[in-house]
Amino acid sequence: MTQAIGRLSVKEKLGYSLGDMAANFVFQFMIALQLDFYTHTFGLTPAQAGTMCITVGLGVAVLNPIMGVIADRTTSRWGKFRPWILWTAVPFGVIGVLTFTTPHMSMGAKLIYAWVTYILLRVVYIVNNVPYASLTAVMTEDPDERTSISSYRQFAANSAGFIIQSLAIPMVAFFGHGNDARGYQLTMGLLSVVSVVFFIITFLTTKERIQPDPQQKMSLGQSLSDLFQNRPWVVLFLVTLFYFTAILVRGNVMLPYFRYVVGKVNLFSWFNGFGLASLLLGVALSTAVSVRVGKRELFIASMIISGALCTLLLILPPTATYVIIGTEALRQFAFGLSGPILWAMMGDVADYGEWKTGRRASGTVTSAVVFALWAGLALGQAIAGWLLSAYGMVSGAAVQTAHAQAGILLTASVYAGLGFFAAAACLFFYPLSRELTRSIANDLTERRKGYAS
């Protein structure tokens, strides 16, 4: 049996990874700071922010599969997916700055401004990120090499997370000189310039190697039918939904947790700094561990440990800051082991669909999972906002009631932990073992030789 091929150079992996770093300058803002920005700086209530996030998030998320279909049908001298990264680079940067700008308007006008810029940000992110994520499936045939690519991109993405979550608040203070609105605008302005440059580098350094059968003709209905008959995709969709819901519930309340429960907002940067350094170590080790134990098994263990350590925060006293930071470092290490696996699985699922049906739709498969990602982001942000509102948190207040503080703590621990546990439960139904993915890759290599003959 012919072995699947597709070893990539370090240069190409690094170039590809910079695209995820660029996108994550915005993505990590949304995870860690957007709810706090809207409620503490921009002036929205938690309920307004939560409603906007879920309405826009779920509404715009339907564009993911549409963008996947468009990308699959794109024909250019640069490929199907790479040109979209180039075309969206500058709009991505401009809209990122506008979203984190606080205009001098009436409250009603500001609310409209927030909705419009947030919608534009989510749209340009989808148009950029669906083709970017789809590239993983067409750069190489090798399942293990896909995990390696995903490890590079996750390391870069989480490096962006390290910058945002440990340095963004100091950067806002430095640029704003006491004016947080100005600080957010200038911080995002600087990061947006870097993002545009990184997107262009990604476009220039990557290559699409896997092409579908030239005779393949597939309608939108056929694509969707194939998708819903693809059991690994159904499971991965649910895993992704719970995974990102948990991330956003947790991420959006940690700054309020340090501001109102611990009472030391400056520790937020230390908390994120140590946590994300540990996460990067987990990401770096992910490929080596998954090759030995399997992607599915590693993912399950990562989710169970992440959920357990989230929940542990409930019983840690707010004064035990060293223990809180140490627990987060352990949680982020375990979580980091799963990061590359999710993206590598998308390519495996696309392979499975081609293997079963003879039809390949990398963009459609990837975009449909990314739909779950954005739905999870919307649900996570909304759930966090609604929970904080239900527990009586008051926007911009110097202190919060004991009931509100309890709600912040429960949201950061128990409610976030449940999302990780749900993701682990779904993974027990994921059917692609390491042996099966390798066999599928080898079979597809033989078939593609027939396409060229």
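Residues numbered from 1 in each chain as written. Predicted model: local features only at pLDDT ≥ 70, side-chain atom pairs only at ≥ 80, totals over all residues. Heavy atoms only, no water.

Colleague: Requested: an account of the overall build of the chain, with residues and values cited.
Modeller: Per the secondary structure count, the chain includes 16 helices and zero strands. Since a compact globule built from 453 residues should have a radius of gyration of about 22 Å, the 21 Å found for the chain is in line with a globular shape. Summarising its shape, the C-alpha atoms of the chain cover approximately 70 × 45 × 40 Å along the three principal directions. Buried residues in the chain amount to 61% of all 453 residues. (Helix = DSSP H or I, 4+ residues; strand = E, 2+ residues; numbered from the N terminus. Rg over C-alpha atoms; globule rule 2.2 N^0.38 Å. Buried < 20%, exposed > 50% of the residue type's maximum accessible area, 1.4 Å probe, protein only.)

Colleague: Go over the environment of Ser 134 with me, naming the residues and quoting the values.
Modeller: Assignment of secondary structure puts Ser 134 in helix 6 (residues 107–139). Counting along the chain gives 312 residues from Ser 134 to Glu 446, while the straight-line C-alpha distance between them is 22 Å.

Colleague: Break down the pattern of salt bridges for me, citing the residues and quoting the values.
Modeller: What the rule picks out here adds up to 10 salt bridges. Between Arg 259 and Asp 36 there is a salt bridge, with its nearest N and O atoms 2.7 Å apart. Placement of the pair is Arg 259 in helix 10 (residues 231–262) and Asp 36 in helix 2 (residues 34–42), with a sequence separation of 223 residues. Note on Asp 36: relative accessible area 6%, which makes it buried. The residue Arg 250 makes a salt bridge to Glu 328 at a minimum N-O spacing of 2.6 Å. (Salt bridge = Lys/Arg side-chain N within 4 Å of Asp/Glu carboxyl O.)

Colleague: Kindly report on the state of the cysteines, identifying the contributing residues and their values.
Modeller: Here the structure, examined in full by the defined rule, presents zero disulfides. We note that Cys 310 lacks a disulfide partner, and the nearest cysteine sulfur, in Cys 426, lies 17 Å from it. For Cys 310, a relative accessible area of 0% corresponds to the buried category. (Disulfide = S-S within 2.5 Å.)

Colleague: Can you break down a nonpolar patch on the surface residue by residue, with the values?
Modeller: Together, Ile 304, Tyr 415, Leu 418, Phe 421, Phe 428 and Phe 429 give the surface a local cluster of nonpolar side chains, amounting to about 600 Å² of exposed area. Broken down by element, the nonpolar patch gets its largest block of residues, three residues, from helix 15 (residues 402–427). Along the chain, Ile 304 turns up in helix 12 (residues 295–312). (Patch = residues over 30% accessible without salt bridge, like charges linked within 9 Å, V, L, I, M, F, W, Y side chains within 5 Å. Areas by Shrake-Rupley, 256 points an atom, 1.4 Å probe, with all protein chains shown as cover.)

Colleague: Could you give an account of the packing of helix 2 against helix 8 (residues 180–205), with specific residues and numbers?
Modeller: In contact at an axis separation of 10 Å, helix 2 and helix 8 are set at 145° when each is read in the N-to-C sense. Crossing geometry of helix 2 relative to helix 8 is assigned as left-handed. Here Asp 36, Phe 37 and Thr 41 of helix 2 lie close against helix 8, whose contacting residues are Asp 180, Ala 181 and Tyr 184. (Axes fitted to C-alpha atoms, helices over the stretch in contact; angles between N-to-C directions. Left-handed = near helix turned anticlockwise from the far one by under 90°. Contact = heavy atoms within 4.5 Å.)

Colleague: Any chance you could break down the packing of aromatic side chains for me, citing the residues and the numbers?
Modeller: Inspection of every chain in the model, using the stated rule, returns 28 aromatic pairs. Ring plane angle 20° and centroid distance 6.0 Å describe the contact between Phe 237 and Phe 371, whose orientation is recorded as stacked. In this pair, Phe 237 sits in helix 10 while Phe 371 sits in helix 14 (residues 362–390), placing the two residues 134 residues apart along the sequence. A single burial state applies to Phe 237 and to Phe 371, both of which are buried. Consider the rings of Tyr 243 and Phe 299, whose centres lie 5.7 Å apart with planes at 85°: the pair is edge-to-face. Within this pair, whereas Tyr 243 is found in helix 10, its partner Phe 299 is found in helix 12, the two being separated by 56 residues in sequence. Take Phe 299: its relative accessible area is 0%, and that puts it in the buried class. Ring pairs connect the aromatic residues Phe 27, Phe 92, Tyr 125, Phe 199, Tyr 243, Phe 244, Phe 299, Phe 335 and Phe 420, which therefore count as one cluster. A cation sits over an aromatic face here: Lys 110 above Phe 42, 5.1 Å from the ring centre. (Phe/Tyr/Trp six-rings, centres within 6.5 Å; stacked < 30°, edge-to-face > 60°. Lys NZ or Arg CZ within 6 Å of the ring centre and 35° of its normal.)

Colleague: Any details on unusual backbone geometry? Residues and values, ideally.
Modeller: A positive phi angle, close to 50°, is found at His 177, a residue other than glycine. Residue classification places His 177 among the exposed residues on the basis of a relative accessible area of 69%.

Colleague: How would you sum up helix 13 (residues 321–357)? Please name residues and give values.
Modeller: Over its 37 residues, helix 13 runs 54 Å from end to end, which matches the ideal 54 Å to within 8%, given 1.5 Å per residue. Just downstream of helix 13 lies Gly 358, where phi reads positive at about 80°. (Expected span 1.5 Å × (residues − 1).)

By themselves these figures say nothing about function.
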